[in-house]
Amino acid sequence: MHLTKEDERILAGEQGNAAAKSMKILVALGEIFKAEELIPVGSVQIAGVSFANLGDAGLEYLAELAIDGQVKVTSTLNPAGMDLREWEKLGITSEFAEKQNKVIEAFAKMGVITTCTCTPYLIGNLPAYGEHVAWAESSAVTFVNSVIGARSNREGGPSAIAAAMIGKTPSYGFHLDENRKPQFHVEVKAKIESIADWGALGYAIGSQSDRRIPYITGLSTTTTDNLKSFGASIITYGSPPLYHIKGVTPEASLHKPPKEKVTVTKEDLDEAYKSLNDEATEVDFVSLGCPHASMREIAEVATYLKGKKVKEGVELWIATARPTKDIADERGYTKIIEDAGGKMAVDTCMVVAPIKGRFKTMATTSAKACFYARGKNKMQVHIGDFTECLNAAVDGVWKK
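Residues numbered from 1 in each chain as written. Predicted model: local features only at pLDDT ≥ 70, side-chain atom pairs only at ≥ 80, totals over all residues. Heavy atoms only, no water.

### Details of empty space enclosed by the protein
Under the defined criterion, the tally for this structure stands at one cavity of 30 Å³ or more. Counted as a void, the largest cavity has a volume near 30 Å³. Together, Ile 195, Lys 228, Ser 229, Gly 289, Cys 290, Pro 291, Glu 297, Thr 365 and Phe 386 line the largest cavity. For the lining of the largest cavity, the residue count by class is four nonpolar, three polar and two charged. (1 Å grid on protein atoms, 1.4 Å probe; cavity = no way out; pocket = protein on both sides within 12 Å on 5 of 7 lines; lining within 4 Å. Points joined across faces, edges and corners; volume = space filled by probe spheres on them. Nonpolar A, V, L, I, M, F, W, Y, C, P; charged D, E, K, R; others polar.)

### Focus on unusual backbone geometry
A cis amide bond, omega 0°, links Cys 290 with the succeeding residue Pro 291. The backbone of Lys 34 shows a phi angle near 55°, a positive value even though the residue is not glycine. Residue classification places Lys 34 among the exposed residues on the basis of a relative accessible area of 71%. The phi torsion at Asp 347 lies on the positive side, around 75°, for a residue other than glycine. Turning to its location among the elements, Asp 347 is positioned in the loop between strand E13 (343–346) and strand E14 (361–364). Relative accessible area serves as the criterion here: at 3%, Asp 347 is assigned to the buried category. (Buried < 20%, exposed > 50% of the residue type's maximum accessible area, 1.4 Å probe, protein only. Helix = DSSP H or I, 4+ residues; strand = E, 2+ residues; numbered from the N terminus.)

### Re the packing of aromatic side chains
All told, the structure shown has ten aromatic pairs when counted by the stated rule. Centre to centre, the rings of Phe 285 and Trp 317 are 5.3 Å apart; their planes meet at 85°, and the pair counts as edge-to-face. Of the two residues, Phe 285 sits in strand E11 (residues 285–288) while Trp 317 sits in strand E12 (residues 315–320), which places them 32 residues apart along the sequence. Here a set of aromatic residues connected by ring pairs shows up, and it is made of Tyr 203, Tyr 237, Phe 371 and Tyr 372. Across the ring face of Phe 184, the terminal group of Arg 212 is positioned such that the distance to the ring centre comes to 4.5 Å. (Phe/Tyr/Trp six-rings, centres within 6.5 Å; stacked < 30°, edge-to-face > 60°. Lys NZ or Arg CZ within 6 Å of the ring centre and 35° of its normal.)

If you want it as structure tokens, here you go:
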């Protein structure tokens, strides 16, 4: 892989240990994937932030980088394992909080913006069409590749930090035109309306994608919230972090539908819902905001909960980014939700928070959340729209 003279000086240690270590990671990655060069990136989004995932070894690695490391481009973080300000309300221990705060302190020392969210594009880290970036979180990478038309591979935690330190990434994978072409055609014949429908559709397509890029027809213009939910689902259940929807996503017009074609019917959607729902009827946990809730979604929750109460024994989390929550505070949405007994789970979410063993059955709007609740936290799950999930929070029972 070709390196510039500056790249070689960084590799030789002229800009410090953290930069040299980061360059070694990028060079190794580039050689593995036969990249011809390193290309500049406009921003970085870093995953591997929760101490539950990093552990002491990860914290030690970050602390070492923070001795002399500084990021060169706008860099933001994925959700942490707790609300960074009000961690007690979510049942987090002081021991965990101490370690998690040290993780955030290390990132801050490196110049990373410590806004912890899986939807950085909603709070200011928004790439342009065609811009090269180095993002790590699966749903965020899928969103920027597909909905925005920016270009990113799905980075690992160390490679994302390395890209932030150097301001570059190897040119391979989804950075290249030839790797962004659709590989099979999906015609949607089912009626897709609610956010849960989009999650179920992502399950149906992802499950049969065989890691291939879909070109999707049969869908009309939709909302940002639906597309972020769809992207989180489709990559969780088997697709790469890129899809094209005719008339909706920007790169779809550059391509024709591939010859291989599959259809998604109402029966397929029903089967997806059947696979995503378990039998338990009593619900003790309702988790909304996977990916993190937008202002529009928080407003919807507040409108429903006004004058209502979450049932005793049920915990309701609305996961969102700190800047979004600050606006919700000003609009009065936070007070309505908290007066009803709900909790704003800021900086974190049920995927990365240490909640295994605390809950038995979760209701959610997110197909991705279903996957992690089952696999990581051993819960039973139900997926539905906002009204169905909030009904479960108020009644303590899942009704479809």
